[in-house]
Amino acid sequence: MPFNGEKHCVGEDQPSDSDSSRFSESMASLSDCECSRQSFTSDSSSKSSSPASTSPPRVVTFDEVMAATKNLSNMTLAHEIAVNENFQLKQDALPESSLAGRVRHIVHQAFWDVLESELNAEPPEYEHAIKLFEEIREILLSFLTPGGNRLRNQICEVLDTDLIRQQAEHSTVDIQGLSNYVISTMGKLCAPVRDDDIRALKATGNVVEVLRQIFHVLDLMKMDMVNFTIRSLRPYLQRQLVDYERTKFQEILEETPNALDQTTEWIQESVNEELLSLSETTLTPGAENSSKPCLSPTLVLNNSYLKLLQWDYQKKELPETLMTDGTRLQELTEKLNQLKIIACLSVITNNMVGAITEGLPELAVRLKRISAVLLEGLNKETCNLKEVLNSIGVQTCVEVNKTLMERGLPALNAEVQANLIGQFSSIEEEDNPIWSLIEKRIQLYMKSLLCLPSPQKCMPPVPGGLTVIQQELEVLGCQYANIVNLNKQVYGPFYANILRKLLFGVEALGKAEASSSTN
């Protein structure tokens, strides 16, 4: 039961291979076990991204902060348009029950009531209506393409406010006729999705209500035009995204030199973990320790990306270079946690009653569907995971017993059912062995995904115990790898510079300790 109906493969919808080669070039001087002292001290990366500057912090002015904020907003919007095929703008509708919503309704209603009283007066007062038609004219003209001169001239001629004022002075202005022309023109310019709204406008008899609804539909048409423009720009943005984001982030970095602090800390954690792992290997009896430990920059960076799948997005800030993908990464992490639980439940079920239910694939599918449904609210604050797992355990026993009875087999005894429900509930406990096993295998699978080249279409084999979630895991893994690969292409030079500083510092520290021990 996939969470996404369409499976995206690694490397799809990504910038060209030339962008990938730029990242490779940025990391070339950091290749595994070939990092010379000169490569660490070079300044080939972005000049302002040094995480270990010894100069005093520069005072950032308010204008610089605002400029950086504007660059970040533009970069975030461009990134969202390029990578999110479903991105579109929507009208900001205030809740009717809110204070702002009530105030807005009262003010608008008062305006239309005044307009109606003016048109019904003897003699009628047309000034407000004329101003409305003037505004309508400008909106209609904004929808036209540069080549639409014929329709442009017609709109300006029919909705000529000077002429309408002269007609009003002689009481010959036809408000209904002007409204009908506006509706007809809107029908020519609107998207097909607005055809029903145009028909509803034509069926409205009250002039004031017609004008009111005209503005409502025009607002919808303006939003349609904006979203059409976004869709038109998307292919261009996708082609230019890497260079655009990198340039914008460099501008942010120049305005706010500490804009890579969180990123540096994020990578530093992986460096520390790799050093600890290497030191433990060195201390292992029988391990060869003749050569000096050398950290792999690629491995460090990939391990940093893997940390994002276990990130606490509510309490911990994301690295600055991943802010634009924060929402997507959080959604992937939440889906992955759900898949982990489903895999754990499947392993427990197979261990407990696998011999009884062997050869019943439809039962496994049904149990998986039940688990997925009951786990839908997993990420809500009000969710009680223990209760949910207990409910899944009870429902699993019901389904297994139902299937057994349909085949004339005895149902599970009370002890087996209680044991099964208990093991389900224990998944949430810290250091649960089944949870740890499944998590380790998923991390291994994701790590193998990150090691694949960008154009690679075939997926790595799924480790044992994850077959039940294979389809969903492959979809999720492709989405995750696409995010990571694009992020590497955009921020590769910044990461390379940070890794140079961190790994060079590690090397210097090791030499200092070695010299002090010999003295």
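Given the structure is predicted, the values throughout are model-derived calculations rather than measurements.

## Concerning the nonpolar core
- With 75 residues, the main nonpolar core has I267, Y305, L308, M446 and Y480 as its most contacted residues.
- Each residue touching Y480, except ones within four places of it in the same chain, is listed here: Y305, L306, L309, L329, L332, M446 and L450.

## Some points on the environment of V416
- Looking at the secondary structure, you find V416 in helix α16 (residues 414-425).
- Given a relative accessible area of 24%, V416 falls into the partly exposed group.
- Along the backbone, V416 and M352 are 64 residues apart, and their C-alpha atoms lie at a distance of 7.8 Å.
- Those residues in contact with V416, other than ones at most four positions away along the chain, are M352 and V353.

## Quick notes on the packing of aromatic side chains
- Tallying each qualifying case throughout the model produces nine aromatic pairs.
- Centre to centre, the rings of W266 and Y305 are 5.5 Å apart; their planes meet at 75°, and the pair counts as edge-to-face. Taken together, the residues W266 in helix α11 (residues 261-283) and Y305 in helix α12 (residues 297-307) connect sequence positions 39 residues apart.
- Residue W266 is classed as buried on the basis of its relative accessible area, which comes to 1%.
- Geometrically, the ring pair formed by Y491 and F494 is tilted, given 6.2 Å between the ring centres and 50° between the ring planes. With a gap of three residues between them, Y491 and F494 both fall in helix α18 (residues 470-518), about one helical turn apart.
- Take Y491: its relative accessible area is 1%, and that puts it in the buried class.
- Three or more aromatic residues joined by ring pairs form one cluster here, namely F249, W266, Y305, Y491, F494 and Y495.
- For K316, the ring lying beneath its charged end belongs to W311, and the centroid distance is 4.3 Å.

## Let's talk about unusual backbone geometry
- Residue P123 follows E122 across a cis peptide bond; omega there is -5°.
- One can find P123 in the loop between α4 (99-120) and α5 (127-142).
- The phi torsion at S171 lies on the positive side, around 55°, for a residue other than glycine.
- Assignment of secondary structure puts S171 in the loop between α7 (161-169) and α8 (175-189).
- Note on S171: relative accessible area 55%, which makes it exposed.
- With phi around 60°, D431 is a residue other than glycine that occupies positive phi space.
- Using a relative accessible area of 65% as the deciding quantity, one classes D431 as exposed.

## With respect to the confidence of the model for the protein chain
- For the protein chain, per-residue confidence averages 79 on the pLDDT scale, and residues scoring 70 or more make up 79% of the total.
- Contacts for the low-pLDDT stretch residues 1-22, under 50 throughout, to residues beyond four places or in other chains number 53 contacts.
- For residues 31-58, every residue scores under 50 in pLDDT, and the model assigns this stretch 52 contacts once sequence neighbours within four places are set aside.

## Describing the side chain of S425
- On the secondary structure map, S425 appears in helix α16.
- Looking at S425, the relative accessible area reads 8%, which means it is buried.
- When sequence neighbours within four positions are dropped, the list of residues in contact with S425 reads K386, L389 and N390.

## Re the packing of α5 against α7
- Look at α5 against α7: their axes get within 10 Å of each other, and the N-to-C directions meet at 160°. When the interaxial angle is binned, α5 and α7 end up roughly antiparallel. Note that α5 runs across α7; the crossing there is right-handed. Contact residues: E127, I130, E134 and R137 in α5; T161, I164, R165 and A168 in α7.

## Some thoughts on α4
- Helix length check: α4 (22 residues) gives 32 Å between terminal C-alpha atoms against 32 Å at 1.5 Å per residue, within 8%.
- Against the buried residues of α4 lie α5 and α10 (207-255).

## Brief notes about a nonpolar patch on the surface
- On the surface, L99, V103 and V107 cluster together into a nonpolar patch covering about 280 Å² of accessible area.
- For V107, the location among the structural elements is in helix α4.
- Classification of V107 by relative accessible area gives partly exposed; the value is 49%.

## Considerations on the pattern of salt bridges
- Scanning all chains against the criterion turns up 17 salt bridges.
- Here D219 and K222 are joined by a salt bridge, their closest N and O atoms 3.5 Å apart. Within this pair, D219 and its partner K222 are both found in helix α10, separated by three residues, close to a single helical turn.
- By relative accessible area, D219 is classed as partly exposed at 31%.
- We classify K222 as partly exposed; its relative accessible area is 34%.
- Where E273 meets K307, a salt bridge forms, and the shortest distance between an N and an O atom there is 2.4 Å. Separated by 34 residues along the polypeptide, E273 in helix α11 and K307 in helix α12 bring together distant segments of the chain.
- Note on K307: relative accessible area 17%, which makes it buried.
- Among the charged side chains, a salt-bridge network with shared partners connects E269, E273, K307 and K316.

## Concerning the environment of Q314
- Its location among the elements puts Q314 in the loop between α12 and α13 (326-357).
- Judged by relative accessible area, which is 63%, Q314 ranks as exposed.
- Separated by 16 residues in the primary sequence, Q314 and Q330 have C-alpha atoms spaced 9.5 Å apart.

Definitions and limits used
Residues numbered from 1 in each chain as written. Predicted model: local features only at pLDDT ≥ 70, side-chain atom pairs only at ≥ 80, totals over all residues. Heavy atoms only, no water. Core = buried A, V, L, I, M, F, W, Y, C linked by side-chain atoms within 4.5 Å. Buried < 20%, exposed > 50% of the residue type's maximum accessible area, 1.4 Å probe, protein only. Contact = heavy atoms within 4.5 Å. Helix = DSSP H or I, 4+ residues; strand = E, 2+ residues; numbered from the N terminus. Phe/Tyr/Trp six-rings, centres within 6.5 Å; stacked < 30°, edge-to-face > 60°. Lys NZ or Arg CZ within 6 Å of the ring centre and 35° of its normal. pLDDT = per-residue confidence, 0-100. Axes fitted to C-alpha atoms, helices over the stretch in contact; angles between N-to-C directions. Parallel < 35°, antiparallel > 145°, perpendicular 65-115°, else oblique. Left-handed = near helix turned anticlockwise from the far one by under 90°. Expected span 1.5 Å × (residues − 1). Patch = residues over 30% accessible without salt bridge, like charges linked within 9 Å, V, L, I, M, F, W, Y side chains within 5 Å. Areas by Shrake-Rupley, 256 points an atom, 1.4 Å probe, with all protein chains shown as cover. Salt bridge = Lys/Arg side-chain N within 4 Å of Asp/Glu carboxyl O.

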